[in-house]
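Structural overview
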Amino acid sequence: PDGCTRLTTNTNGGPMFVYVKDNKIVRMTPIDFDDSDAESWTIKARGKTFTPLRQGVINPHAQGLKSTVYSDKRILYPMKRVDFDPNGERNPQNRGKSGYERISWEEATDIVANEIKRQRKVHGPGSIAMAFGSHHQWGNVGYYLSALLRFGNLIGFTRVVPNPDSWEGWYWGAMHHFGNSMRVGIPGHYGLVEDCLKEAEMIVFWSSDPESTNGYASGLEGTQRRFWAKELGIDFVHIDPNLNATAQLYGGRWIPVKPGTDPALAIAIMNVWVNEDLYDKDYVEGRTTGFDEWKAYLLGEEDGVPKTPEWQEKETGVQAHVVRALARAWGKKKTYLAAGGLGTGFGGACRNATGSQWARNMILMMAMQGWGKPGVNFGNLQAGTPLDHYFYFPGYAEGGISGELNFTACAVNNYQRMPHVLTMNPVKQMIPRQRLADAIVNGKASGYIWDGSSAEAQFAEFQYPMPGYSPVHMIYRYGSSSFGTIANSDRWVDMYRHDSLECVVNQSIWLEGEAEFADIILPACTSFERYDISDWGNSGGYIHHNTDQLNHRTVVFQHKCIEPLGESKSDYDIFTAVLNKLGLGAMFTEGCSELDWCKRVFESSDLPNYVSWKKFIKKGYHVIPPAPENLRTPAYFRWFAEDRFKDVPEPMPLPSQWSDIAGKGLQTPSGKIEFVSTTIQRNDPNNPERPALNRYVPSWEGTQTTELYDKYPLQLLTSHSRYTFHTYGDGKDSTLNDIPDHRVCIDGYYYWVLRMNPIDARARGLQHHDLVRVHNGRGSVVCAVDVSPLMAPGTLKSWESCAEVDLFEDPRFGRVDRGGSLNLLTPERPQVKNTEGMGSNSCLVEVEKWSYANEELVRA
Amino acid sequence: MKKWNLIIDVAKCENCHNCTLATKDEHDGNSFPGYAAEQPRHGADWVKIERKVRGEGTMVEANYQVTMCNHCDDAPCVKAGDGSVKKRDDGIVIIDPDKARGRKDLVDVCPHKAIWWNEELQLPQIWIFDAHLLDQGWKQPRCAQSCPTKAIEAVKILDSEMSALVEKENLRVQNPEFGTKPRVYYKNLHLMDTEFLGGCVLYDNNGTTDCVEDAKVTLLKDGNSIATTATDFFGDFKFDGLAADSGEYTIEVSHPTQGQAAITATFSQSRYINDILLQV
Ligand SMILES: Nc1nc2c(c(=O)[nH]1)N[C@H]1C(S)=C(S)[C@@H](COP(=O)(O)OP(=O)(O)OC[C@H]3O[C@@H](n4cnc5c(=O)[nH]c(N)nc54)[C@H](O)[C@@H]3O)O[C@H]1N2
Ligand SMILES: Nc1nc2c(c(=O)[nH]1)N[C@H]1C(S)=C(S)[C@@H](COP(=O)(O)OP(=O)(O)OC[C@H]3O[C@@H](n4cnc5c(=O)[nH]c(N)nc54)[C@H](O)[C@@H]3O)O[C@H]1N2
Ligand code: SF4
Ligand code: SF4
Ligand SMILES: [Ca+2]
Ligand SMILES: [Ca+2]
Ligand SMILES: [Mo+4]
């Protein structure tokens, strides 16, 4: 009625209607489903009937997106660093300091294409590294695993390989006790919403805040289901140093634990179970191996130290009687263990120094309680809704248009269903993402690969540089998140200024801290300014059936809502323009526009069985009906508990990975849950940090590292931001900045928020919303302090994914960031020797009141 | 005549800020002639969330109250507005974006502090209940539509029906003492303006300390029992809804086999008494 056209889009925080008028986005709202959309499912439990709200429930970071489109941080035209002359002085030492001048697309693509040619001629294959984040604006065509990989393969590049950042401890640890390598070591979730509602009596949230992170990319869909659990009287317990948003909303006993000491707490609970006969003996007997050795460790028969609740008290800060009360309730009640925000995995506790011990213990605890029996499973009602598991639509990890068979899940379905020209990167040289700066500065680095095809793949070390390839002399950076998300990212400053780096290209949407370390900046547009197509929450690949976090499975046409702002272009068009100058444009596009590719994706899926292309575009989305009640998937792991053939729809492990007959037992060598891991015993037998028997090894940056702890007596957690999806919604002059739990505006500057207990604040003379310098040997970051008892004493928590980095010279302290990139302070050490897992989620710091020095700010 | 009301459940609010962001999304960069001029992107929180943290130790809560213009029936802003602020038939209050220009004085007129001064446009502004959308047939304002828990509910009903609802669901308004007759109602507002007294009951179990489940706990004021409850498996109990600074209370705890205890303490704000040890 007001002259707006209502289009649709999809985001990391859910699908939305986009109201557009005169080439301007007026508003973006959640989608209310209408009567013509498929019916919702119903679950009956304990005499009650539950049906979800007929709306796609979105995250705050989605609700704030319009303001990031119209942001004064948008890059509106190509730019060149003023003192970068591709044919003369390049001045790498000034990266991040000198300013930029506007150039034309013609000039920009000339410089980039010529530099690619020069690199190949002068240095040879491998000298160009491509660096990108773990996430992207939602879509299948414009995704980094799609268009970007296709581009990269066509030019050849040294791969900056990601570590399994979301999974860490599960991949390097838990997997070795039960398999599931294709899920990167986390459990699956089929049928668990229904099982939990029908059977469970208690949910233990352990490092789990689904109201903040809601599993992954699934809006706030799980929230209503957790309210159902409360309605049914299911008890909640929260183990977290912070009374997190989930604990705040639903209540339940809060058990604050010192960061990284969780394994000790878990072990003590298991000790009580043994001592008081509160574990499932039949299950342990029939479905596991190695329990006797584990039991001997728990009881202290191995080392003379019984691992009692009293044993853990000083370490964890949790009183012994609380541990006993929890252990008893857990032993007696049918309990769901919500490990991580997803419930079946993740969790900040898997990303710190003891992360793999923690994840391993989560599996061992469930093994003692009969994992897979009714009401005994992993989860927090976040995953496992009864949706249609046989409807195919690609998830982003299937590689979109990349044609990349090895580094995406393209080979599983996408390639056969949407035949497209294969692409391949002939450069085998790789650099671990966390080690990129060291690789450039020191000229060498090594790491371990993230590869879910087997439990063994991770044991092979690789080296950079690799014989036959050139060391890196050019970085093509896509996005600008490193300072906010990479451990000890202070190293990145030195990297960017290193004289071996002859050229840095940054292709970004917003001019954020890291973009300003580039020589050439190419302005990309947002997903609202180009076409795409996608299934809500469908990542594909390693999170098979991630859509099971939703209440309604929804495939969405992502309209080009407005023209790209300024001279920005879609990434696809930027890649095409560069490749045209290398004679590879047609190979890249196959003659297709992005809209053409969307249609090819549509046709490759099962969606045409439900709706025509025309109707789909007109309505903008389609809801896939849930599975009929009699065809719902059984509860996850029930088949294993009952020693039957696997009966849930996950095509894993790979056929060769079953040690016994395919479909029976687990991927482990014994086919059972192993209290003492065979794959560790075989492949990494003498690693004191990863013993086959999961002994407690205190954190290498915690309360027991006395020398460091004396200097830096506060444990800082850097968890996933509740209000932004990683760096995607933060900064950028977005409306999220006005959320007091995200940033606080003081004297006109928006500071990052650091949470602190009143006891610690008093000890430092700090008041609520004082500016503070958070520091350790790695650097200094200025934040605004939020003082409340929601934080346990001795611990601090802030969000990890800051988009801003605003470095300046403080005459008193040297380089200081006031943007809020706390990852400047986190440890880069791999969490466990012989792995490439990050251990950065907890570090030691000190905090003091801070105010501006009298001098004017000088950019550092 | 059916009129608009808002019902906000404090217990269901999780501080996700979808409501504040949806409101900004609607009004940042958009002006709706006759209803509202553009909202500044930053600083002007037409919809706002207040936090109240209660408790200590391991018994802590954070509760959140969404506040906005109450669309009062007896609104000082309407009276002072000289025609620039109108009360619509459907209950919604609108500050006219043309007529009210320059009226900074109106900001102080609102006792609920719900009027924001737009310096750039020289305009007093409030949350307009998204009247421009309701007039086009929308069923609810943006903040309610985007709310994941439906903690915010907009209802268009007769005033008599609303009164019945207030009675039945124990709804309250913000600062009734101002006498402005707000149309924004709250459920569970005690989570914002009362305190609790909690504790943990323990006993000596042959040399180790353990939690006492199912102990009977009685709260006494001036010798009279005012509430009773029982401990959970962590030995925890909680009495909610107490007034701050309300003086001395006694807690009596007893368990048929594990003993009893009594504690008297002065109460100023929410407390958690961590270590009530029963004696046989
Ligand atoms: N301390 C600590 N650190 C952590 C974690 C932690 O718990 N603690 N968590 C880790 C985890 S699990 C993860 S997944 C990582 C995430 O870390 P990152 O992957 O580094 O974070 P993102 O913000 O997702 O980065 C994506 C980048 O790509 C850009 N981008 C997005 N879409 C587009 C597009 O369409 N075009 C272009 N050109 N650019 C685009 C974004 O602007 C952003 O700069 O952080 C990890 N870091
Ligand atoms: N809004 C939003 N949602 C997201 C993301 C985002 O950036 N923003 N990122 C997505 C991605 S990529 C991922 S991987 C997932 C991550 O999801 P998670 O890994 O589950 O999230 P985290 O915030 O890292 O950790 C969850 C909780 O663990 C607690 N915690 C941290 N350290 C410890 C510890 O040592 N012990 C205990 N007991 N608790 C601890 C934190 O206080 C926090 O409340 O979230 C996804 N969802
Ligand atoms: S949207 Fe709803 S739950 Fe979220 S903050 Fe607002 S009222 Fe609370
Ligand atoms: S809350 Fe204030 S601005 Fe709103 S109607 Fe009442 S008096 Fe007027
Ligand atoms: Ca049990
Ligand atoms: Ca609450
Ligand atoms: Mo992640």
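Note that the coordinates shown come from a computational prediction; the quantities given were computed from them, not determined experimentally. (Residues numbered from 1 in each chain as written. Chains lettered and ligands numbered in written order. Predicted model: local features only at pLDDT ≥ 70, side-chain atom pairs only at ≥ 80, totals over all residues. Heavy atoms only, no water.)

Broken down by element type, chain B carries seven helices and 18 strands. Radius of gyration (C-alpha) of chain B: 24 Å, far over the 19 Å computed for a compact globule of 280 residues. Dimensions of chain B along its principal axes, counting C-alpha atoms only, are 75 × 35 × 35 Å. Within chain B, buried positions represent 55% of all 280 residues. Put simply, of all contacts in chain B between residues at least 6 apart along the chain, 59% involve residues at least 24 apart. (Helix = DSSP H or I, 4+ residues; strand = E, 2+ residues; numbered from the N terminus. Rg over C-alpha atoms; globule rule 2.2 N^0.38 Å. Buried < 20%, exposed > 50% of the residue type's maximum accessible area, 1.4 Å probe, protein only. Contact = heavy atoms within 4.5 Å.)

It is worth spelling out the packing of helix α10 (residues 262–275) of chain A against helix α15 (residues 355–369) of chain A at this point. All names here are of chain A. Where α10 contacts α15, the axes come no closer than 9 Å and their chain directions differ by 20°. Taken together, the axes of α10 and α15 lie roughly parallel to each other. Of the two possible hands of crossing, α10 and α15 adopt the one that is left-handed. Across the interface between the two elements, Asp262, Pro263, Ala266, Ile267, Ile269, Met270, Trp273 and Val274 of α10 pack against Gln357, Trp358, Asn361, Met362, Leu364, Met365, Met368 and Gln369 of α15. A per-class count over the contact of α10 with α15 returns twelve nonpolar, three polar and one charged. (Axes fitted to C-alpha atoms, helices over the stretch in contact; angles between N-to-C directions. Parallel < 35°, antiparallel > 145°, perpendicular 65-115°, else oblique. Left-handed = near helix turned anticlockwise from the far one by under 90°. Nonpolar A, V, L, I, M, F, W, Y, C, P; charged D, E, K, R; others polar.)

This paragraph deals with the site of ligand 4. Close contacts around ligand 4 come from 13 residues, with Cys69, Asn70, Cys72, Cys77 and Cys110 of chain B the closest. Partitioning the shell around ligand 4 into residue classes produces ten nonpolar, three polar and no charged. (Near = heavy atom within 4 Å.)

Moving on, we come to a negative patch on the surface. Residues and elements named next belong to chain A. A cluster of like negative charges, contributed by Asp282, Glu285, Asp292 and Glu293, occupies part of the molecular surface. Only α11 (281–287) and α12 (291–299) provide two or more residues apiece to the negative patch. Tracing the backbone through its elements, the reader meets Asp292 in helix α12. (Patch = residues over 30% accessible without salt bridge, like charges linked within 9 Å, V, L, I, M, F, W, Y side chains within 5 Å. Areas by Shrake-Rupley, 256 points an atom, 1.4 Å probe, with all protein chains shown as cover. Salt bridge = Lys/Arg side-chain N within 4 Å of Asp/Glu carboxyl O. Lys, Arg positive; Asp, Glu negative; His and termini not counted. Charge placed at Lys NZ, Arg CZ, Asp CG, Glu CD.)

This part covers the environment of Thr23 of chain B. Residues and elements named next belong to chain B. Within the secondary structure, Thr23 is located in helix α1 (residues 18–27). In this structure Thr23 touches Gln39, Val47, Trp127 and Cys143, once residues within four positions along its chain are discounted. Separated by 2.8 Å, the side chain of Thr23 and the backbone oxygen of Cys19 make a polar contact. (Polar contact = N/O pair within 3.5 Å; in protein donor to acceptor, adjacent residues only side chain to side chain.)

Take unusual backbone geometry next. All names here are of chain A. That bond from Tyr464 to Pro465 is cis: its omega, -5°, falls within 30 degrees of zero. One can find Pro465 in the loop between β18 (461–464) and β19 (474–478). Each neighbour pair has its own omega, and for Met652 with Pro653 the value is 0°, a cis peptide bond. Among the secondary structure elements, Pro653 is positioned in the loop between α24 (638–641) and β25 (673–674).

It is worth spelling out the site of ligand 3 at this point. Every one of the 13 residues lining ligand 3 counts as a neighbour, but Cys13, Cys16, His17, Cys19 and Cys147 of chain B are closest to it. In terms of residue class, the shell around ligand 3 is built from eight nonpolar, four polar and one charged.

Residues and elements named next belong to chain A. Mapped onto the elements, Tyr749 comes out in strand β28 (residues 749–756). Look at Tyr749 and you get buried, because its relative accessible area is 19%. Apart from the residues lying within four places of it in its own chain, the contact partners of Tyr749 are Val744, Asp806, Arg818 and Gly819.

Residues and elements named next belong to chain A. Bridge analysis of strand β30 (residues 779–787) against strand β33 (residues 814–817) gives two bridges, and the strand direction is parallel. From the neighbouring strand, Val781 faces β33, where its bridge partner is Asp817. Turn length for the strand β32 (residues 807–810)-β33 hairpin, with the two strands adjacent in sequence and antiparallel, is three residues. (Pairing = 2+ DSSP bridges.)

Opposite the 50 residues of chain B that make contact, chain A presents 64 residues. Taking both partners together, chain B and chain A bury about 4,400 Å²; carbon and sulfur atoms supply 51% of that area. Contact with chain A buries surface across chain B, with Arg41, Phe233 and Phe234 of chain B losing the most and accounting together for 15% of the total. Contributions of two or more residues to the side of chain B that touches chain A are made by α1, β2 (48–56), β3 (59–67), α4 (131–134), α5 (142–146), β12 (208–211) and β18 (271–277) of chain B. The element contributing the most residues to the side of chain B that touches chain A is α1 of chain B, with six residues. (Buried area = accessible area lost by both parts, 1.4 Å probe.)

Before going further, it helps to spend a moment on the coordination of the calcium ion (ligand 6). Tetrahedral coordination by four donors sets the ideal angle at the metal to 109.5 degrees; octahedral coordination by six donors sets it to 90 or 180 degrees. Note on the calcium ion (ligand 6): its protein donors are Gln248 of chain A (O), Ala62 of chain B (O) and Asn63 of chain B (OD1). The metal-donor distances range over 2.6 to 3.0 Å. No difference in accessibility class separates Ala62 of chain B from Asn63 of chain B, as the two residues are buried. (Donors = N, O, S within 2.8 Å, 3.2 Å for Na, K, Ca; no water.)

Moving on: the coordination of the calcium ion (ligand 5). Here the calcium ion (ligand 5) is held by Trp330 of chain A (O), Gly331 of chain A (O), Lys333 of chain A (O) and Gln369 of chain A (OE1), and the distances to it run 2.5 to 3.2 Å. Here the donor residues of the calcium ion (ligand 5) share one chain and are spaced in sequence as W-G-x1-K-x35-Q.

So, about the sheet that holds strand β16 (residues 247–255) of chain B. Residues and elements named next belong to chain B. Strand order in the open sheet formed by four strands is β14-β13-β16-β17, and the pairing between neighbours is antiparallel. Each edge of the open sheet is held by one strand with a lone partner, namely β14 (224–230) and β17 (259–267). Looking at each pair of strands side by side, their axes are set apart by 20° on average, direction ignored.

Attention shifts here to the pairing of β3 of chain B. Residue and element names in this part refer to chain B. Along β3, nine of the nine residues are buried, which leaves the element largely enclosed by surrounding structure. Taking every second residue as pointing to the same face, both faces of β3 are buried, with Met59, Glu61, Asn63, Gln65 and Thr67 on one and Val60, Ala62, Tyr64 and Val66 on the other. Of the strand pairs in this sheet, β2 and β3 are connected by nine bridges, and their pairing is antiparallel. If you follow Arg51 over to β3, its bridge partner there is Tyr64. Counting the residues in the hairpin turn of β2 and β3 gives two residues, including Gly57, whose phi is positive at 60°.

Residue and element names in this part refer to chain B. Along its sequence, chain B is organised into domain 1 (3–192) and domain 2 (195–277). On a C-alpha basis, the centroid separation for the pair domain 1 and domain 2 is 39 Å. With nine residues of domain 1 at the contact, the number on the domain 2 side is eleven residues. Interface area lost by domain 1 to domain 2 is led by Arg54, Glu56 and Met59, which between them contribute 64%. Connecting domain 1 to domain 2 are four salt bridges. Where Lys52 meets Glu195, a salt bridge forms, and the shortest distance between an N and an O atom there is 2.8 Å. On the surface where domain 1 and domain 2 come into contact, there are four residue pairs in polar contact (both at pLDDT 80 or more). Of all the elements in the fold, those that place two or more residues in the side of domain 1 that touches domain 2 are β2, β3 and α7 (190–193). Element by element, the count of residues in the side of domain 1 that touches domain 2 is highest for β2, at four residues. (Domains from an automatic or database assignment.)

Here we take up the sheet that holds strand β21 (residues 520–523) of chain A. Two orientations exist for strands paired in a sheet by backbone hydrogen bonds: parallel and antiparallel. All names here are of chain A. The strand order across the open sheet formed by eight strands is β7-β6-β21-β20-β19-β8-β9-β16, and the pairing between neighbours is mixed. Looking at strand neighbours, the two that pair on one side only are β7 (100–102) and β16 (430–432), the edges of this open sheet. Averaged over all neighbouring strand pairs, the angle between strand axes comes to 20°, with direction disregarded. Here strand β8 (residues 128–132) runs beside β19; their pairing, made up of five bridges, is parallel. Bridge assignment links Ala131 to a residue of β19, and that residue is Arg477. Contacting β6 (79–81), β8, β19, β20 (503–508) and β21, helix α3 (residues 105–122) crosses the sheet at an angle of about 125° to β21. The strands that helix α20 (residues 571–580) touches are β19, β20 and β21; relative to β19, the one it contacts most, it runs at about 155°.

Attention shifts here to the pattern of salt bridges. Two side chains with opposite charge may pair up if their charged atoms get near one another. Residues and elements named next belong to chain A. Taken as a whole, this structure holds 86 salt bridges over all chains when the rule is applied. The salt bridge partner of Asp606 is Arg417, with a shortest N-O separation of 3.1 Å. Here Asp606 is found in the loop between α22 (594–604) and α23 (613–619), whereas its partner Arg417 is found in helix α16 (residues 414–417), with 189 residues between them in sequence. Residue Arg829 pairs with Glu689 through a salt bridge whose shortest N-O separation is 2.6 Å. Linking Arg829 in the loop between β33 and β34 (842–849) with Glu689 in the loop between α25 (678–683) and α26 (706–711), this pair joins segments that are 140 residues apart in sequence.

Okay, the side chain of Ser500 of chain A next. Positionally, Ser500 of chain A belongs in the loop between α19 (491–496) and β20. Setting aside its immediate chain neighbours within four residues, Ser500 of chain A contacts Ile440, Val472 and His473 of chain A.

What follows covers the confidence of the model for chain A. For chain A, the average pLDDT comes to 97, and 100% of its residues sit at 70 or higher. The weakest mean pLDDT in chain A belongs to strand β35 (residues 858–859) of chain A at 86; the strongest belongs to strand β10 (residues 202–206) of chain A at 99. (pLDDT = per-residue confidence, 0-100.)

With that out of the way, let us pick up the packing of aromatic side chains. The description of an aromatic ring pair uses the distance of the two centres, along with the angle that the planes make with each other. Residue and element names in this part refer to chain A. What the rule picks out here adds up to 56 aromatic pairs over all chains. Relative to Phe640, the ring of Trp639 lies with its centre 6.1 Å away and its plane at 75°, an arrangement referred to as edge-to-face. Classification of Trp639 by relative accessible area gives buried; the value is 2%. Aromatic rings pair up to connect Trp170, Phe178, Tyr190, Tyr283, Trp358, Trp371, Phe378, Tyr636, Phe637, Trp639 and Phe640 into one cluster. Of note, Arg6 hangs over the ring of Phe17, and the distance from its end group to the ring centre comes to 3.6 Å. Sitting over the face of the ring of Tyr19, Arg27 holds its NZ or CZ atom 5.0 Å from the ring centroid. (Phe/Tyr/Trp six-rings, centres within 6.5 Å; stacked < 30°, edge-to-face > 60°. Lys NZ or Arg CZ within 6 Å of the ring centre and 35° of its normal.)

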